[in-house]
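# Residue-level structural notes
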Amino acid sequence: MLDILMIEDEPNIAEAVRFILTRDGWAMTLHGDGEGGVEAIRLARPRLVILDLMLPNRSGAEILRDLRADPDTAFAMTPVLMLTARGDAAAGTSQADAVLAKPFANEDLRALVRRMLA
Amino acid sequence: MPFETLVAGSLAYVALMFGVAFAADRAAARGRAGWLDHPLIYTLSLSVYCSAWTFYGAVGYASRSGLEFATIYLGPTIVFTGAWWGLRRLVRIARMHHVTSVADLISARFGKSNRLAALITLIAVIAATPYVALQLQSVSLSFEVFATDAPRAAVIGGPAGGTALWVAAGLALFAIIFGTRNLAADERHHGVVTAIALEAVVKLLAFLAVGVFVVWGLAEGPVDMLDRVARAGRDPAVAEGWLLRPDRWTALIVVSGAAILTLPRMFQVMVVEASDEDRLRVAGWAFPAYLFAMSFFVLPIAVMGQELLPDANPDLYVLTLPADAGQNLLAFLVFLGGFSAATSMVVVSAIALATMISNHWLVPAWLALRRRPGGEDADRDLRGLILNARRLAIVAVLGAGWVYHQASGGSVALASMGLVAFTGMAQVLPAMLGGLLWRGANRRGAFAGVGLGSGLWLALIFLPSVGIGQMPLLPGGIDPLAFAIFLSLSLNTLAFVGLSIFGFPDPVERLQGLSFVSAVEPVRPRSPARAEDRAEPLLAMARRVWGPDEALRFFRAEAAAQGKSGYLPDPTPDFLTRLERRLAGAIGAATAHAMIDRVAGGVALTVADLMQVASEARRAKEETRRLESARAELARTAGQLREANDKLTALSVQKDAFLGQISHELRTPMTSIRAFSDIMKTPDLSEAERRNFAGIIHQEAGRLTRLLDDLLDLSVLESGQARLSVSAVNLHDLIGRAVQAASATRPERSFTLDRDMPSEHLGVITDADRLLQVLINVVTNARKYCDAERPVLTIRVHRRAGGGAVIEIADNGRGIDRARQSLIFEKFSRLNDPARAGGAGLGLAICREIMTVLGGDIAYLPGQGGAAFRIVLPPHPAAAGRSVGTAGSP
């Protein structure tokens, strides 16, 4: 079973996260656009979604709202870790299980993921 | 007749008149005026219309112009028989408004304008002075007929200053004694009216006696008389004068009909002296009958005079015919009749004019003079002042008449001066009738009508009649007098109606107009019987205005001052005046006056008070309107503030969004740098991995630097502090350098360049570095985004009309969606763009700012196949200012 699906449009950030988490033994895939985000989650059925807030075409907040509104309740409750580059406590993150502000310390990311997947 | 007998007889007659007037005044004062109020007395007093002009002059007129003299009687007859309801209405309205003269009537109707009254008084004085002179002349002429030993037929008028002076002085005395006894002008002059009625009888009897003497004494009865008249009519010399002139007839009937209404003396006896409108029931038929009797024998006397005394003055035939026949007693009776006609006219005219002069000239002037320094004279008793002003005016009117008589040498024909006066006063008629019948009539119209009409009258009729200028000579035998009458009256009416239609009456006028036209009288409130009953409501009213405490304090103090205990003073005039003044401070003078009158009940609420209230209400309305407009102003200001606030809020939202985007743009490369520098610390990394990650860190650091550069650039450009280093630039070189610099972007793609080299050699004066920055940005974008299989970049340069240049750069890719075209010049518009290539999305925003600073413009060119931009350059930066759009290009 897939551990993590990451939705992130910045390839360098996605690459860094993938490198860090794969070394911890998590199985992980990437989706690079806001468009089709929910479908990608439904297809992959990950145990955790790492979701960027500012995505082209469809924002992370919208994807999260659609996910939580899904009639399949088990699917709708998929844990979500939100990444945000906005300085303020960004709107649209309230339904996320955890929020991590960019830039982050690698240790914080690993600890958070470890706890969420425990 | 011996001179002494004549003087003695005359004096006896004068004494009789004084006696009758005195007795009538006494009877009226004792309240036994029953028989004095008889409609016949009223009717006889109207005969003041028949002055010496009619008594002597009608015969002279007839001998010169035949039946035309009858027009002077026809006008009043038509008015009295045909318009008796109008006369009744006139009397009713005049009495309702306590009108004192014709000038007062017009001014009361048109918003109580004293200037209008003063103007009408002026016309009346100008018209009356020669007319009064004429009466004095007739008396002195008739006196001379008796008093000289010269052949009577040869008596032609000559100056008889002595007689005229004595007559004038006596009449002034009579008018002063019986005309200025009491003040309120609507209290009638019983003595004068009764004396005039007696004189009316005398002059009618005298005239009828002469007529009878002529028909049965000199001629042999009516048949012979008619025969003589017919013979005279066949005499060609006479017949020409006797010709009926329709134009003159119409004009003279109109003018004499108007005169019966507007002549000051007629208004005095007919309207002011009338106790009520019912007298007109009798006068309506009796006065025309009197006029008929007075005119019955005119033509026979004229014909007989021409026959027997061809060289004598026709104006004196009435006197000279019996005198020549040795009928001394009859002649003396005629003399008394003429004397009566002259004196009654002079006395009534003097009283009427004196009222007008004192009310509209002297008293207003005196009040205006006295009011200025202090104002404490305003409440002084004005009775003495007004009576003395009237006495002075009587003396002045008679003095002016005497002076005029002396100056004119007594040579004026009797008839002409009467007509001059008639035509002058007729100018008041349109305003009078309009005021009574038409609510829309207004003051400006009345002013214009009376002013224009009387101006024409002065120029065309009055001045020529006293030898200044002459009446216009008209072609086609049109009569100049008739022409002048019609011209002045019709222009008068036209001005009056025109200005009334195109102007608006003020509220006072409107209410007066309503009161005049519909003849409604304000209701008089009843006055409570006991003093306490009147003081109590006054206190209640004062409470309403001042509040209970202050009102009680004022009333208690007033009661104490009157020596009374408690809080209710007697409503004495003093107290009422003080109360009114205090109230006026709070609610305005007119309102205070009206309220006190209503509550105190001593004086009725007059129309004038209502008018004042109305005009104060109008002021209040204006104040309300002013407040309303102030409120609207405030609302407008509040709206502007709200708008400004909205704008600020929007700006704040924009600023927040901008800061959020900057934060995102900065944190994104920092995230990569931080994550990979952490990863670099991992000990077991391969060399390839290490190189790869170092490359990413380097790349993201560069991105961060570019972003900060762009932000700095943009803030400098937007703040307007960008320094330009202006120089002459060849566009060909600049485009070459831009293409060269952009080729570093996606170098793996080979672009085909389509350039027209010769046309690129174009010089402009601009900042070369800034323009290069724009060109590089546009060309780089093309390299980044053009997705055509064989990408082609087309660059064209045109000379711009009026100097400067236009550069168009287009690729052959997909272009930009219509929806996005308007967004690409906004900051961070690159966000959400999937085909991004590492920029922060500030490039085109910076380009736009640069072009604005250079005085040019950059715009997207839709419909070119691929993405296309047009860059417009002015000949030099200052030439076009900061905002030249593409609209300015060809």
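Remember, predicted model here, so these are calculated numbers, not experimental data. (Residues numbered from 1 in each chain as written. Chains lettered and ligands numbered in written order. Predicted model: local features only at pLDDT ≥ 70, side-chain atom pairs only at ≥ 80, totals over all residues. Heavy atoms only, no water.)

Residues and elements named next belong to chain B. A grouping of Trp84, Trp85, Leu433 and Leu437 is seen on the molecular surface, where their side chains present a nonpolar patch of about 450 Å² in accessible area. Elements supplying a minimum of two residues to the nonpolar patch: helix 5 (84–96) and helix 20 (429–437). Mapped onto the elements, leucine 437 comes out in helix 20. (Patch = residues over 30% accessible without salt bridge, like charges linked within 9 Å, V, L, I, M, F, W, Y side chains within 5 Å. Areas by Shrake-Rupley, 256 points an atom, 1.4 Å probe, with all protein chains shown as cover. Salt bridge = Lys/Arg side-chain N within 4 Å of Asp/Glu carboxyl O. Helix = DSSP H or I, 4+ residues; strand = E, 2+ residues; numbered from the N terminus.)

For the structure shown, the criterion picks out 28 salt bridges over all chains. Notably, a salt bridge pairs A:Asp66 with A:Arg58, separated by 2.6 Å at the nearest N-O pair. A relative accessible area of 27% places A:Arg58 in the partly exposed class. The partner of B:Arg248 in a salt bridge is B:Asp479, and the shortest N-O contact between them spans 2.9 Å. Taken together, the positions of B:Arg248 in helix 12 (residues 246–262) and B:Asp479 in the loop between helix 21 (443–465) and helix 22 (480–502) put the pair 231 residues apart, joining distant regions of the chain. (Buried < 20%, exposed > 50% of the residue type's maximum accessible area, 1.4 Å probe, protein only.)

A few words on the packing of aromatic side chains. For any pair of aromatic rings, the description consists of the separation of the ring centres together with the inter-plane angle of the planes. All names here are of chain B. For the structure shown, the criterion picks out 22 aromatic pairs over all chains. Their ring planes at 85° and their centres at 5.5 Å tell us that phenylalanine 555 and phenylalanine 575 sit as a pair that is edge-to-face. Of the two residues, phenylalanine 555 sits in helix 25 (residues 548–561) while phenylalanine 575 sits in helix 26 (residues 573–587), which places them 20 residues apart along the sequence. In this structure phenylalanine 555 comes out as buried when scored by relative accessible area, which is 0%. Members of the aromatic cluster, joined through ring pairs, are Tyr13, Phe143, Phe332, Phe335 and Phe339. (Phe/Tyr/Trp six-rings, centres within 6.5 Å; stacked < 30°, edge-to-face > 60°.)

Helical periodicity: at 3.6 residues per turn, an α-helix aligns residues three or four positions apart in one direction. All names here are of chain B. In terms of burial, helix 34 (residues 843–853) is largely enclosed, as ten of its eleven residues are buried. Of the residues making up helix 34, those classed as buried are Gly843, Leu844, Ala845, Ile846, Cys847, Glu849, Ile850, Met851, Thr852 and Val853. Residues of helix 34 that are buried sit in contact with helix 29 (687–718), helix 32 (768–785), strand 6 (857–860) and strand 7 (868–873). Looking at the residues trailing helix 34, positive phi occurs at glycine 855, about 85°. (Contact = heavy atoms within 4.5 Å.)

Next up on the list: the environment of A:Thr29. All names here are of chain A. Looking at the secondary structure, you find threonine 29 in strand 2 (residues 28–31). In this structure threonine 29 comes out as partly exposed when scored by relative accessible area, which is 34%. Taking the C-alpha atoms as reference, threonine 29 lies 8.0 Å from arginine 18; in sequence the two are eleven residues apart. Filtering out sequence-adjacent residues up to four positions away, threonine 29 remains in contact with Leu2, Ile4, Leu5 and Met6.

Let us now look at unusual backbone geometry. The linkage connecting A:Lys102 with the following residue, A:Pro103, adopts the cis geometry, with an omega of -15°. Inspection of the secondary structure assignment puts A:Pro103 in the loop between strand 5 (98–101) and helix 5 (106–117). One non-glycine residue, A:Arg45, lies in the positive phi region at around 45°. Considering the arrangement of structural elements, one finds A:Arg45 in the loop between helix 2 (37–44) and strand 3 (48–52). By relative accessible area, A:Arg45 is classed as partly exposed at 36%. Although it is not a glycine, B:Arg746 adopts a positive phi angle of roughly 45°. With respect to the element layout, B:Arg746 can be found in the loop between helix 30 (731–742) and strand 2 (752–755). Residue B:Arg746 is classed as partly exposed on the basis of its relative accessible area, which comes to 33%.

Residues and elements named next belong to chain B. Looking at where leucine 793 falls in the secondary structure, it is placed in strand 4 (residues 792–799). A relative accessible area of 1% places leucine 793 in the buried class. The spatial distance from the C-alpha of leucine 793 to the C-alpha of aspartate 754 is 5.9 Å, given a sequence separation of 39 residues. When near neighbours in sequence (up to four residues on either side) are disregarded, leucine 793 contacts Phe751, Thr752, Leu753, Asp754, Val779, Ala782, Ile809, Ala810 and Asp811.

Quick look at the packing of helix 1 (residues 11–23) of chain A against helix 5 of chain A now. Residue and element names in this part refer to chain A. Closest axis-to-axis distance for the helix 1/helix 5 pair is 11 Å, and the angle between their directions is 55°. Here helix 1 is positioned oblique relative to helix 5, judged by the angle of their axes. Relative to helix 5, the crossing made by helix 1 is right-handed. Counting all contacts with helix 1, which are made through Val17, Ile20 and Leu21, the residues of helix 5 involved are Asn106, Leu109, Arg110 and Val113. Partitioned by chemical class, the residues of the contact of helix 1 with helix 5 number five nonpolar, one polar and one charged. (Axes fitted to C-alpha atoms, helices over the stretch in contact; angles between N-to-C directions. Parallel < 35°, antiparallel > 145°, perpendicular 65-115°, else oblique. Left-handed = near helix turned anticlockwise from the far one by under 90°. Nonpolar A, V, L, I, M, F, W, Y, C, P; charged D, E, K, R; others polar.)

The next subject is the sheet that holds strand 2 of chain A. All names here are of chain A. Strand order in the open sheet formed by five strands is 2-1-3-4-5, and the pairing between neighbours is parallel. Of all the strands in the sheet, just strand 2 and strand 5 have a single pairing partner and so form its edges. For this sheet, the mean inter-axis angle between neighbouring strands, taken without regard to orientation, is 20°. Contacts from helix 1 reach strand 1 (4–7), strand 2 and strand 3 within the one sheet, and its direction differs from that of strand 2 by about 170°. (Pairing = 2+ DSSP bridges.)

So, about the sheet that holds strand 6 of chain B. One key point about sheets: their strands pair by backbone hydrogen bonds, in either a parallel or an antiparallel sense. All names here are of chain B. Taking strand neighbours across the sheet as the criterion, the five strands line up as 2-4-5-7-6 in an open arrangement whose pairing is mixed. Of all strands in the sheet, those with a lone pairing partner are strand 2 and strand 6, marking the two edges. If you compare each strand with its neighbour and ignore which way they point, the axes differ by 15° on average.

Another point: the packing of helix 6 (residues 102–109) of chain B against helix 20 of chain B. Residues and elements named next belong to chain B. Orientation of helix 6 relative to helix 20, taken along the N-to-C sense of each, is 50°, at an axis distance of 10 Å. For the element pair helix 6 / helix 20, the angle class is oblique. Remark: the crossing between helix 6 and helix 20 carries left-handed chirality. Residue-level contacts link Val102, Leu105, Ile106 and Arg109 of helix 6 to Ala431, Met432 and Gly435 of helix 20. For the contact of helix 6 with helix 20, the residue count by class is five nonpolar, one polar and one charged.

Further remarks concern the interface of chain B and chain A. Between chain B and chain A, the residue contacts involve 29 residues of the former and 21 residues of the latter. Both sides of the chain B and chain A interface together cover about 2200 Å² of buried area, and 56% of this is carbon and sulfur. Looking at the side of chain B facing chain A, the largest losses of area belong to B:His664, B:Arg667 and B:Thr671, adding up to 25% of the total buried there. Our count for the chain B to chain A interface comes out at two salt bridges. For B:Arg703, the salt bridge identified is with A:Glu10, shortest N-O distance 2.9 Å. Applying the counting rule to chain B against chain A returns eight residue pairs in polar contact (both at pLDDT 80 or more). Residue assignment for the side of chain B that touches chain A shows that the elements contributing at least two residues are helix 28 (607–680) and helix 29 of chain B. Ranked by residues supplied to the side of chain B that touches chain A, first place goes to helix 28 of chain B with 16 residues. In the side of chain B that touches chain A, the residues fall into ten nonpolar, ten polar and nine charged. (Buried area = accessible area lost by both parts, 1.4 Å probe. Polar contact = N/O pair within 3.5 Å; in protein donor to acceptor, adjacent residues only side chain to side chain.)

What follows is about a positive patch on the surface. Residue and element names in this part refer to chain B. Together, Arg439, Arg510, Lys621 and Arg625 line one region of the surface with positive charge. Relative to the helices and strands, arginine 625 is located in helix 28. Note on arginine 625: relative accessible area 53%, which makes it exposed. (Lys, Arg positive; Asp, Glu negative; His and termini not counted. Charge placed at Lys NZ, Arg CZ, Asp CG, Glu CD.)

The next thing to look at is the side chain of B:Glu273. Residue and element names in this part refer to chain B. Topologically, glutamate 273 is positioned in the loop between helix 13 (264–272) and helix 14 (279–296). For glutamate 273, the side chain forms a polar contact with the side chain of histidine 189, separated by 2.6 Å. Glutamate 273 has contacts with Arg188, His189, Val193 and Gln268, leaving out every residue within four places of it along the chain.

This part covers the confidence of the model for chain B. Residues and elements named next belong to chain B. In the predicted model, chain B carries a mean pLDDT of 80, and the fraction of residues at 70 or more is 85%. Contacts for the low-pLDDT stretch residues 149–160, under 50 throughout, to residues beyond four places or in other chains number 19 contacts. Predicted confidence is poor over residues 880–890, with pLDDT under 50, and the contacts of this stretch with residues over four places away or in other chains come to 21 contacts. (pLDDT = per-residue confidence, 0-100.)

Our next topic: helix 4 (residues 71–82) of chain B. For helix 4 of chain B, which comprises twelve residues, the first-to-last C-alpha distance of 16 Å matches the rise-based estimate of 16 Å (1.5 Å per residue) to within 8%. Taken together, the buried positions of helix 4 of chain B are B:Thr71, B:Ile72, B:Tyr73, B:Gly75, B:Pro76, B:Val79 and B:Phe80. (Expected span 1.5 Å × (residues − 1).)

Residue and element names in this part refer to chain B. Neither face of strand 6 is exposed, since Asp857 and Ala859 on one face and Ile858 and Tyr860 on the opposite face are all buried. Pairing geometry for strand 6 and strand 7, over four bridges, is antiparallel. Looking across to strand 7, one finds that alanine 859 is bridged to arginine 870.

A separate point is the side chain of B:Asp811. Residues and elements named next belong to chain B. Looking at the secondary structure, you find aspartate 811 in strand 5 (residues 805–811). One buried charge, aspartate 811, has no salt-bridge partner; the nearest side chain with opposite charge is arginine 749, at 8.5 Å. Looking at aspartate 811, its side chain comes within polar contact range of the main-chain nitrogen of alanine 867, at 2.9 Å. When sequence neighbours within four positions are dropped, the list of residues in contact with aspartate 811 reads Ala782, Cys786, Val792, Leu793, Gly866 and Ala867.

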